[in-house]
Amino acid sequence: MNDLLQGSFDLHIIDTCNLHCKGCIVLDYLQEGKITNTRYEIDDVKDVMKNLSRLNLRLSELKILGGEPTLHNHLDEIIDYIKSTNLVDTLTLITNGLNFTRSIVESLKKLDRLVISVYPFEVDLEDTIKNSDLYYELLRDVSVEFWKYNTFEMYGHKIPNTEYSTDLNWQRCYQKDSCRVVSKEGMYRCTSTYSEKTDMCEWNDRQEVINFVESDVPLSHCKDCPMPALQIEYESNNLPIDIKNFNRGVRLINDYTEV
């Protein structure tokens, strides 16, 4: 059996979203409008999984992310392929919950875990989902969680009157165990280094990858990434479009009927 890499790993499959969150770590990096991830086609996903297989490795958890992953027109194929490899113990997808078409719901039911990010719009999305037929349809097959985001981290910005150092940033960082990113080129230890394209471990040597995952040594990026970072209230970079897309998502949820 392949050796298990503990922790959680991210796979970003799409570079677009139906929301425009200010300060998004991959679609508005450092609030500069920079998009730092790319779209992955099914062959790109296969390359990632084949690298794991070649190095005799498997993952405790793989999280499918975007952008908004449910917008990917080959999501069902991607989920099916990853599941078929038996290289992932828990397959998770993180979504903003605003694209629950019937075909998307059927794809999501193949997951082990579904995480729905909830942002502070006028309607509480968590309550809307929990009071719908959709929620009970999903719960038959997949574990469902809700993560509420009323604030965003301003990466690279310090909290006033807080002590920082490379070692302190590393010790306080939650991402080093839960936000590693797997890509075609190699593995990153967090979304920040993925966005910066720094501190990557290539898929060359099995033991190097294991050591990289298990290392407790700060990365070079840690000196420039204060943890905890300054928090700002949630904002949209395109509020009229986001309200339109949010309302569409709520209609999809309310109109969902079990068959």
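Higher on the page you've got the structure.
The structure displayed is predicted, hence computed values, not measured ones. (Residues numbered from 1 in each chain as written. Predicted model: local features only at pLDDT ≥ 70, side-chain atom pairs only at ≥ 80, totals over all residues. Heavy atoms only, no water.)

(A) Summary view of the pattern of salt bridges. Counted under the stated rule, the structure contains 19 salt bridges. Among the salt bridges present, the one from Asp112 reaches Lys83, with a minimum N-O distance of 3.4 Å. You can see Asp112 sitting in the loop between helix H3 (102-108) and strand S4 (113-118) and its partner Lys83 sitting in helix H2 (residues 75-85), a full 29 residues away along the chain. Classification of Asp112 as partly exposed rests on a relative accessible area of 29%. Classification of Lys83 as partly exposed rests on a relative accessible area of 35%. Glu126 is the partner of Lys130 in a salt bridge, and the nearest nitrogen-oxygen pair spans 2.8 Å. (Salt bridge = Lys/Arg side-chain N within 4 Å of Asp/Glu carboxyl O. Helix = DSSP H or I, 4+ residues; strand = E, 2+ residues; numbered from the N terminus. Buried < 20%, exposed > 50% of the residue type's maximum accessible area, 1.4 Å probe, protein only.)

(B) Just the packing of helix H1 (residues 42-54) against H2, in detail. Packing of H1 against H2 leaves a shortest axis separation of 10 Å and a crossing angle of 20 degrees. In terms of orientation, H1 and H2 fall into the roughly parallel class. For the element pair H1 and H2, the recorded crossing hand is right-handed. Across from Ile42, Val45, Lys46, Met49 and Lys50 in H1, the residues of H2 making contact are Glu77, Ile78, Tyr81, Ile82 and Thr85. Residue composition of the contact of H1 with H2, grouped by class: six nonpolar, one polar and three charged. (Axes fitted to C-alpha atoms, helices over the stretch in contact; angles between N-to-C directions. Parallel < 35°, antiparallel > 145°, perpendicular 65-115°, else oblique. Left-handed = near helix turned anticlockwise from the far one by under 90°. Contact = heavy atoms within 4.5 Å. Nonpolar A, V, L, I, M, F, W, Y, C, P; charged D, E, K, R; others polar.)

(C) Structural context of unusual backbone geometry. Of note, the bond from Gly66 into Gly67 is cis; its omega dihedral lies within 30 degrees of zero at 10 degrees. Relative to the elements of secondary structure, Gly67 occurs in the loop between strand S2 (57-65) and H2. Between Met227 and Pro228 the backbone carries a cis peptide bond, its omega angle lying at 0 degrees. One can find Pro228 in the loop between helix H9 (206-214) and strand S10 (229-233). Phi angles above zero are rare outside glycine, and Asn56 is one such case at about 60 degrees. Positionally, Asn56 belongs in the loop between H1 and S2.

(D) How the structure looks around the packing of aromatic side chains. All chains considered together, the criterion is met by 10 aromatic pairs. When the centroid spacing of 5.5 Å and the interplanar angle of 70 degrees are considered together, the rings of Tyr135 and Tyr136 count as edge-to-face. Assessed through its relative accessible area of 13%, Tyr135 is described here as buried. Its relative accessible area of 48% is what places Tyr136 among the partly exposed residues. Among the aromatic side chains, those forming a connected cluster through ring pairs are Tyr119, Phe121, Tyr149, Phe152, Tyr234 and Phe246. Positioned over the ring face of Tyr40 is Lys184, at 5.6 Å from the centre of the ring. (Phe/Tyr/Trp six-rings, centres within 6.5 Å; stacked < 30°, edge-to-face > 60°. Lys NZ or Arg CZ within 6 Å of the ring centre and 35° of its normal.)

(E) Structural detail: H2. If you check which residues of H2 are buried, you get Leu75, Ile78, Ile79, Tyr81, Ile82 and Thr85. Buried positions in H2, seen along its axis, are confined to an arc of 165 degrees and lie on one side of it. Considering only its buried residues, H2 is in contact with strand S1 (3-12), H1, S2, strand S3 (88-95) and H3. (Arc of directions from axis to C-beta.)

(F) Examining the environment of Met200 more closely. In this fold, Met200 is placed in strand S9 (residues 200-202). Sequence separation between Met200 and Phe212 is 12 residues, and the spatial gap between their C-alpha atoms is 9.0 Å. Once you skip the residues sitting within four places of it in the chain, Met200 turns out to touch Glu185, Gly186, Met187 and Tyr188.

(G) Summary view of the state of the cysteines. Across all of its chains, the model carries zero disulfides by this definition. The thiol of Cys225 is not disulfide-bonded; the next cysteine sulfur, from Cys190, is found 6.1 Å away. The buried category is assigned to Cys225, whose relative accessible area is 9%. (Disulfide = S-S within 2.5 Å.)

(H) Summary view of the side chain of Asp28. Assignment of secondary structure puts Asp28 in the loop between S1 and H1. Among the polar contacts made by the side chain of Asp28, one reaches the main-chain amide nitrogen of Gly33 at a distance of 2.7 Å. Setting aside its immediate chain neighbours within four residues, Asp28 contacts Cys21, Lys22, Gly23, Gly33, Lys34 and Asn237. (Polar contact = N/O pair within 3.5 Å; in protein donor to acceptor, adjacent residues only side chain to side chain.)

From the geometry alone we can't say anything about function, so treat these as descriptive.
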